[in-house]
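These are the residues of each chain, in order.
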Amino acid sequence: MQLSICSFVQAALLAIGVTILSHTPEAIAAEKVTLKYKVFRESVSVPQLTAFAQTGEISQSLRFYLDATRQNPEDVRQVLNRPIDVNVVTLDRTLNSRIGELLLDQVGQAIHPPVAEVNRQALRSALVLSAQSDNQVSLIEVLQNYPTAEVEVEGDRLVQAYRQLSALNGRLRNVAEELIRRL
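Throughout what follows, the structure given in this document is the object of discussion. The shown structure was predicted, so the numbers you read here are calculated from the model rather than taken from an experiment. (Residues numbered from 1 in each chain as written. Predicted model: local features only at pLDDT ≥ 70, side-chain atom pairs only at ≥ 80, totals over all residues. Heavy atoms only, no water.)

1. Structural notes on the nonpolar core
Stated precisely, the cut-off is as follows: Only buried residues count toward a nonpolar core. Its members are Ala, Val, Leu, Ile, Met, Phe, Trp, Tyr and Cys residues joined through side-chain atoms within 4.5 Å. Each residue is placed in one exposure class: buried if its accessible area under a 1.4 Å probe, protein chains only, is under 20% of its type's maximum, exposed if it is over 50%, and partly exposed if it falls in between. Numbered from the N terminus, helices here are DSSP runs of H or I no shorter than four residues, and strands are runs of E no shorter than two.
Among the nonpolar cores identified, the biggest contains 44 residues, and Leu49, Leu80, Ile111, Leu127 and Tyr146 are the most heavily contacted of them. Per-element accounting of this core gives the leading share, 6 residues, to helix H7 (residues 119–132).

Below, the structure written as structure tokens:
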């Protein structure tokens, strides 16, 4: 009984905090994504990348990047849209632990702000905000919810980042089981 009440209180506090953060008029959300792949570098707006992820519509700058890097647009769309199931409360707890910090550092090698000092906090926030409404995270949601005006994506590490986020689901279950055992 204590565990369910504790979980409920934590879930409620997390929901209130995320709701406040997501409804603050001054909240910053990524406006531009800089796609980097080896020597290629191209900036696209988040709305352009979102339109591509949702409809397949490719802007001129995104087309240039995909052509220059020989990326299949459908493969990129699949990676951007593929959901990863997570529990938002467990996700938040895990990302605020040592294991979570290591995961954030690994994923942060592929998705990061131009200024590295805020990487962990920004990525943590983007992941939790992405999971808030449906207990799922996708890369396009992470980019949409990234709390800096610009976010950089290392194209050659993007699939690796997706795999790390996918593995997060299993890690979260393991951490949750360990937390339950300790209580």
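2. A look at the environment of Asn81
Applicable threshold: Here a polar contact is recorded for every N or O atom pair within 3.5 Å, except that within protein the pair must consist of a potential hydrogen donor and a potential acceptor, and residues adjacent in sequence are included only if both atoms are side-chain atoms.
Mapping Asn81 onto the fold places it in helix H4 (residues 73–81). C-alpha of Asn81 to C-alpha of Glu141: the two residues are 60 residues apart in sequence and 8.3 Å apart in space. Side-chain polar atoms of Asn81 contact the backbone oxygen of Ala53, separated by 2.6 Å.

3. Quick look at the sheet that holds strand S4 (residues 111–112)
For the record, the criterion: Pairing between two strands is assigned when DSSP locates at least 2 bridges connecting them. In what follows, a contact means two residues having at least one pair of non-hydrogen atoms within 4.5 Å. Structural elements are reduced to axes, namely lines fitted to C-alpha atoms, with helices fitted over the stretch in contact, and the angle between N-to-C directions of any two is expressed from 0 to 180 degrees.
Taken together, 4 strands build an open sheet; the order of strands is S2-S1-S6-S4 and the sheet is mixed. Each edge of the open sheet carries a strand with a single partner, namely strand S2 (40–45) and S4. Summarising the sheet, strand S1 (residues 32–37) and S2 pair through 6 bridges and their orientation is antiparallel. Looking at S2, one finds that Leu35 is bridged to Glu42. Helix-sheet contacts for helix H3 (residues 60–68) involve S1 and S2, and the interaxial angle to S2 is about 150°.

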